[in-house]
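Reading the structure
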Amino acid sequence: MSTIQPAVSNAAVSSTIGPQFARGLWRIAAADASSGNKVELMRDGTQIFAAMIDAIEQARESVALESYIVNSDSVGERFATVLIAAAQRGVKVRLIADWVGSWTTKRAFWRKLREGGVDVRIFNRPGFRAWGGLVPRDHRKLVVTDRDVAITGGIGLSEEWSGIMKNKRRRAAWRDTAVRIEGPAAHDFVRAFDDMWKRANREERRPARRHVHRRARNSNVLPDREEGAIVGVIEGEPWRLRVARALQIQAVSAERAIWIASAYFYPSSAEMEALCGAALDNVDVRVLVPSRYDHPWVRRLTRSVYRQLLRNGVRIWEWNGVMMHAKTSVMDGRWVRVGSTDFNPLGVAINYELDAVIESKTLGKAAEEMFLRDLEASTEIRDV
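Structural notes, computed from the coordinates. (Residues numbered from 1 in each chain as written. Predicted model: local features only at pLDDT ≥ 70, side-chain atom pairs only at ≥ 80, totals over all residues. Heavy atoms only, no water.)

**Some details on helix α8 (residues 269-280)**
- Here α8 is 12 residues long and its end C-alpha atoms lie 16 Å apart, about the 16 Å a rise of 1.5 Å per residue gives.
- The set of residues buried in α8 consists of E271, M272, A274, L275, C276, A278 and A279.
- Lining the buried residues of α8 we find α7 (242-253), β9 (257-262), β10 (284-290), α10 (306-311) and α11 (345-350).
- Count one or two residues on from α8 and you reach N282, which has phi positive near 70°. (Helix = DSSP H or I, 4+ residues; strand = E, 2+ residues; numbered from the N terminus. Expected span 1.5 Å × (residues − 1). Buried < 20%, exposed > 50% of the residue type's maximum accessible area, 1.4 Å probe, protein only. Contact = heavy atoms within 4.5 Å.)

Printed below as a string of structure tokens:
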């Protein structure tokens, strides 16, 4: 399989995309943006967990950790140890976990964290309110330390991502992706965490409004003269459809390629039309999904959209491993999205999600290379 060559040079892209990129992110997704960031793409649990733990161990002032899944297994215990150690050396440590995602976690685990000085909040416990409190969920995954370093992606704090299961037998770890961001964007991630921290304590009792209600921050940001990436932070909130709009704008802007990895892929009609329209206009549109799922019924939903995508020129691969859990996209080797949002109604329209959208030719190249390696371990679906 050969690497697709860019239709335009990276030099031409970098000279024009700066202000338009940041302004576009604000207008379509209310995303704060910053330039001059150092970014690193990370693959799978071993590398991602190590980076998260290193950031926590290096923290001197604050740790903000948010995860849909926090299990009381060997991975959870490993994180509990470093979080408590940070709190005991005087670091302010806050943790948000989702009630549904972490419902099997033992009460003793939360008690140990709190007794060790970690401030823990559980998002949206069931109760006498709309939908019984079962939706929306906090599906976000984030750690920010000292307002300097942020790590976000699709990974949960559980043994599925380590390859070690409860019976202590090894198996293939889930495939996932995260990004480590060092620089001004960490401040934007802290603001995003603070918003969720209030929601988890029901300090914001009104549901999220559907319209933007604050002024833009940094919408005119320009690329630094020094090496550095522009990072936009998209906060997915119920009914705001921010990531869906970002995909549609990418489909409009793409000149040569849109490559998407999505663990639970069931796009809306508008998203389908955007992808098919790009493919019919000679853009190389590829979608990578699992072949095996932790929720078997999802496979039937995902496969129901194959025929329309294939008929319009979109190419589809199924991952041959245990579970492909990444939520990423790369467009034209220059725009990279890494986060928690899958293209399905829950991810796009209902749950709270968090994505980093990054303009960087270096990261774009790394994301394309990672995607092509994944395709080598996948099977292309040519007909259904």
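**Observations regarding the nonpolar core**
- Grouped together as the largest cluster of nonpolar side chains are 84 residues, with contacts concentrated most on M52, W110, L113, V118 and I258.
- If you tally residues by element for this core, the top one is helix α4 (residues 74-88), at eight residues.
- Those residues within four positions of M52 in sequence are excluded, and the remaining contacts are L65, F79, V143, I151, I155 and L157.
- Of all hydrophobic cores here, the second largest spans 43 residues; its members include A150, W259, A326 and A367. (Core = buried A, V, L, I, M, F, W, Y, C linked by side-chain atoms within 4.5 Å.)

**Digging into the side chain of D176**
- Residue placement: D176 occurs in the loop between β6 (149-153) and β7 (177-182).
- K327 provides the closest opposite charge to the buried, unpaired D176, separated from it by 5.9 Å.
- Engagement of the side chain of D176 in a polar contact is seen with the side chain of W161, the distance being 2.8 Å. (Lys, Arg positive; Asp, Glu negative; His and termini not counted. Salt bridge = Lys/Arg side-chain N within 4 Å of Asp/Glu carboxyl O. Polar contact = N/O pair within 3.5 Å; in protein donor to acceptor, adjacent residues only side chain to side chain.)

**Quick look at the environment of D188**
- Note on placement: D188 falls in helix α6 (residues 185-200).
- What D188 contacts, discounting residues up to four positions off in sequence, is D32, A33, S34 and V233.

**A short note on the packing of aromatic side chains**
- Inspection of the entire model under this criterion finds six aromatic pairs.
- Summarising the aromatic geometry, the rings of F109 and W110 are spaced 5.4 Å apart at their centres and angled 75° between planes, so their arrangement reads as edge-to-face.
- The exposure class assigned to W110 is buried, which follows from its relative accessible area of 10%.
- On the numbers, 5.7 Å between centres and 85° between planes, the contact of F123 with Y352 is edge-to-face. Placement of the pair is F123 in strand β4 (residues 119-123) and Y352 in the loop between α11 and β14 (353-359), with a sequence separation of 229 residues. The pair F123 / Y352 is uniform in exposure class, with both members buried. (Phe/Tyr/Trp six-rings, centres within 6.5 Å; stacked < 30°, edge-to-face > 60°.)

**Overview of the pairing of strand β13 (residues 335-339)**
- Among the five residues in β13, five count as buried, and that is most of the element.
- The alternating pattern of β13 places W335, R337 and G339 on one face and V336 and V338 on the opposite face, and all of these are buried.
- Direction of pairing for strand β12 (residues 327-331) relative to β13: antiparallel, over a ladder of four bridges. Its bridge partner being in β13, S329 is matched across the sheet by R337.
- Between β12 and the antiparallel strand that follows it, β13, lie three residues; D332 among them carries a positive phi value of about 55°. (Pairing = 2+ DSSP bridges.)

**Details of a nonpolar patch on the surface**
- There is a patch of nonpolar side chains on the surface, built from W99, W103 and L134 and spanning about 350 Å² of accessible area.
- In this structure, L134 sits in the loop between β4 and β5 (141-145). (Patch = residues over 30% accessible without salt bridge, like charges linked within 9 Å, V, L, I, M, F, W, Y side chains within 5 Å. Areas by Shrake-Rupley, 256 points an atom, 1.4 Å probe, with all protein chains shown as cover.)

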